[in-house]
Amino acid sequence: MLKQELNNPQRIFGLDLMRAVAILMVLSSHCLWIYPESNSFIAQLLKLFGFLGVEIFFVLSGFLIGRILLQSYLKDDFSFSQVRDFLKRRWFRTFPNYFLILLVNILIASVIGYKIESLWKYFFFVQNFSGAMPAFFPESWSLSVEEWAYVVLPLLLLLITPFVASKNKSKFFIILLVVLLVVFLLAKIFCYQNTVHANLNDWNLSLKAVVIYRLDAIFYGVVASWIYCCHNNFWQKGKSFFLIAGIFCFLFIFFGFGKIPFTEEGLNRFLYIVYLPVVSISIAFFLPFLSGWKSEKSKLKNPIVFISLISYSVYLLHYSVILQLMKYFTDIENYPMLQKHIFTIVYLLLTIFFSYGLYIWYEKPMMDLREKSKK
């Protein structure tokens, strides 16, 4: 089964690379939980990795679903049945793993005596809909953003369809997206004006991880999919330029941002209003080059595609389940540094092992069931 997926000719290596890099960034950032708090360069870099890894997932997800949605929307028979089929396929992909690991987290919480706040919200992806989510199952914040984006965009397309002539559908698709991006920019301005600014943790809880301010992270990827589908010649010709632009933007995010002499108020304004859209656009700049990297013949191909395949399982298992249980049953606070390193290696190996098992025995069969249901 795995060999067949690794050699699937329909896979695009560049997008597998993007997905693999994203999950490795998230995974490496959570290794910091094993070590004492530090302000070292490496620690700060790994924290940034965790943030950027999730943002890469958002833009990539938008790019992939955008192509599917646009192709469906441009057909003359676009209707609720197409929206229903789209959601059904997405939910076959995301729901089984999510609800299984949610139940595992509930079981773990009951065993260790942790009281879960507002548990019902996790079953409807509203735990972080309009405000900070509880501490339970923290990875789930990004899944709420994705699930709401999957619902909002196709339903809005369905609503405008009766008022749009077939020849104008492509134009109205991008107009709707631009309107949505403006709406979410205004939402960020509203959040900035109505939030007490104290530190990055407040920014994270009040804006970065809140659904009503973050759907645009997905929609920037959808905009990229529209350019890919409707202006492919521009997409292909500009891929080198956009790659260089993306690299420079990332260098700014990593090393230049901290050098700007912001006032405290200016920094808060930049973080709340500008920073997240800039990050999403920077990630989207890599898509023309990476989406054109169809295959790879080097020895790096199989490990990268393997990590890409199990990335969703890794994301759900690595932190709340595996690392939390390891730390609960092992007192590592007084471990010397060498033992912490060994603990980290064991943690990473266990994460890959259990994620592979979850993918092979549960996630992949569920996706196969999705394909059977389509026939």
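Everything quoted here is computed from the prediction, not taken from an experiment. (Residues numbered from 1 in each chain as written. Predicted model: local features only at pLDDT ≥ 70, side-chain atom pairs only at ≥ 80, totals over all residues. Heavy atoms only, no water.)

1. Focus: the packing of aromatic side chains
Counted only if it meets this: Side-chain rings of Phe, Tyr and Trp (the six-membered ring for Trp) are treated as a pair once their centres are within 6.5 Å; stacked means planes under 30 degrees apart, edge-to-face means over 60, and tilted covers the remaining angles. Here a helix means four or more residues in a row that DSSP labels H or I, a strand means two or more in a row labelled E, and each is numbered from the N terminus. For every residue, the accessible area obtained with a 1.4 Å probe (protein chains only) is divided by the maximum for its type, and the residue is called buried under 20%, exposed over 50%, and partly exposed between those limits. Note on geometry: a ring has a charge over it if NZ (lysine) or CZ (arginine) is within 6 Å of the ring centre and within 35 degrees of the ring normal.
Scanning the model with the defined rule gives 44 aromatic pairs in all. Aromatic pair tryptophan 203 and tyrosine 275: ring centres 6.1 Å apart, planes at 55°, arrangement tilted. Separated by 72 residues along the polypeptide, tryptophan 203 in helix α8 (residues 200–208) and tyrosine 275 in helix α12 (residues 264–284) bring together distant segments of the chain. According to the relative accessible area criterion, tryptophan 203 is buried, its value standing at 7%. Residue classification places tyrosine 275 among the buried positions, given a relative accessible area of 5%. An aromatic cluster is present here, built from Trp91, Phe95, Tyr98, Phe99, Tyr122, Phe123, Phe125, Phe136 and Phe137 joined pairwise through their rings. Between arginine 67 and the ring centre of tyrosine 228, over which it is positioned, the NZ or CZ distance is 5.1 Å. The side chain of arginine 90 reaches across the aromatic face of tyrosine 150, ending 4.9 Å from its centre.

2. Quick notes on the state of the cysteines
Applicable threshold: Two cysteine sulfurs form what is called a disulfide whenever their separation falls within 2.5 Å.
Applying the stated rule across the entire model yields zero disulfides. With no disulfide of its own, cysteine 230 lies closest to cysteine 229 among cysteine sulfurs, the gap being 6.0 Å.

3. Section: unusual backbone geometry
Of note in this structure, serine 118 is not a glycine but carries a positive phi near 50°. Relative to the helices and strands, serine 118 is located in the loop between α4 (80–112) and α5 (119–122). Using a relative accessible area of 32% as the deciding quantity, one classes serine 118 as partly exposed. Of note in the backbone geometry, phenylalanine 125 takes a positive phi value of approximately 60° without being a glycine.

4. A closer look at the packing of helix α7 (residues 169–193) against helix α9 (residues 211–230)
A pair of packed helices is captured by two measures, namely the crossing angle of their axes and the spacing between those axes. Formally: Angles run from 0 to 180 degrees between N-to-C directions of axes, and those axes are lines fitted to C-alpha atoms, restricted for helices to the stretch in contact. Each angle gets one of four labels, with under 35 degrees taken as roughly parallel, over 145 as roughly antiparallel, 65 to 115 as roughly perpendicular, and the rest as oblique. The hand of a helix crossing depends on one turn: near helix anticlockwise from the far one by less than a right angle means left-handed, and clockwise means right-handed. Two residues qualify as a contact provided that any one of their heavy atoms is within 4.5 Å of a heavy atom in the partner residue. Residues were grouped as follows: Ala, Val, Leu, Ile, Met, Phe, Trp, Tyr, Cys and Pro as nonpolar; Asp, Glu, Lys and Arg as charged; and all remaining residues, including Gly, as polar.
Direction vectors running N to C along α7 and α9 enclose 155°, while the axes themselves pass 9 Å from each other. The angle between α7 and α9 places the two elements in the roughly antiparallel class. Considering the relative orientation of α7 and α9, their crossing is left-handed. Mapping the contact onto sequence places Ser170, Phe173, Ile174, Leu177, Leu180, Leu181, Phe184, Ala187, Lys188, Phe190 and Cys191 in α7 and Val211, Ile212, Tyr213, Arg214, Leu215, Asp216, Phe219, Tyr220, Val222, Val223, Trp226 and Cys230 in α9. Grouping the constituent residues of the contact of α7 with α9 by class yields 19 nonpolar, one polar and three charged.

5. Looking at empty space enclosed by the protein
So the rule is basically this: Cavity: a set of points on a 1 Å grid over the protein atoms alone where a 1.4 Å probe fits but cannot get out. Pocket: an open set with protein on both sides within 12 Å along at least five of seven lines, its lining residues, like those of a cavity, having an atom within 4 Å of a point. Grid points are joined across faces, edges and corners, and a volume is the space filled by probe spheres set on the points.
Counted according to the given criterion, the structure contains one cavity of 30 Å³ or more. Quantified by volume, the largest cavity comes out at close to 30 Å³. With three residues, the single largest contributor to the lining of the largest cavity is helix α2 (residues 13–30).

6. Some remarks on the environment of proline 365
With respect to the secondary-structure elements, proline 365 resides in helix α16 (residues 337–374). By relative accessible area, which is 35% here, proline 365 ends up partly exposed. Aside from chain neighbours lying at most four places away, what touches proline 365 is Tyr359 and Ile360.

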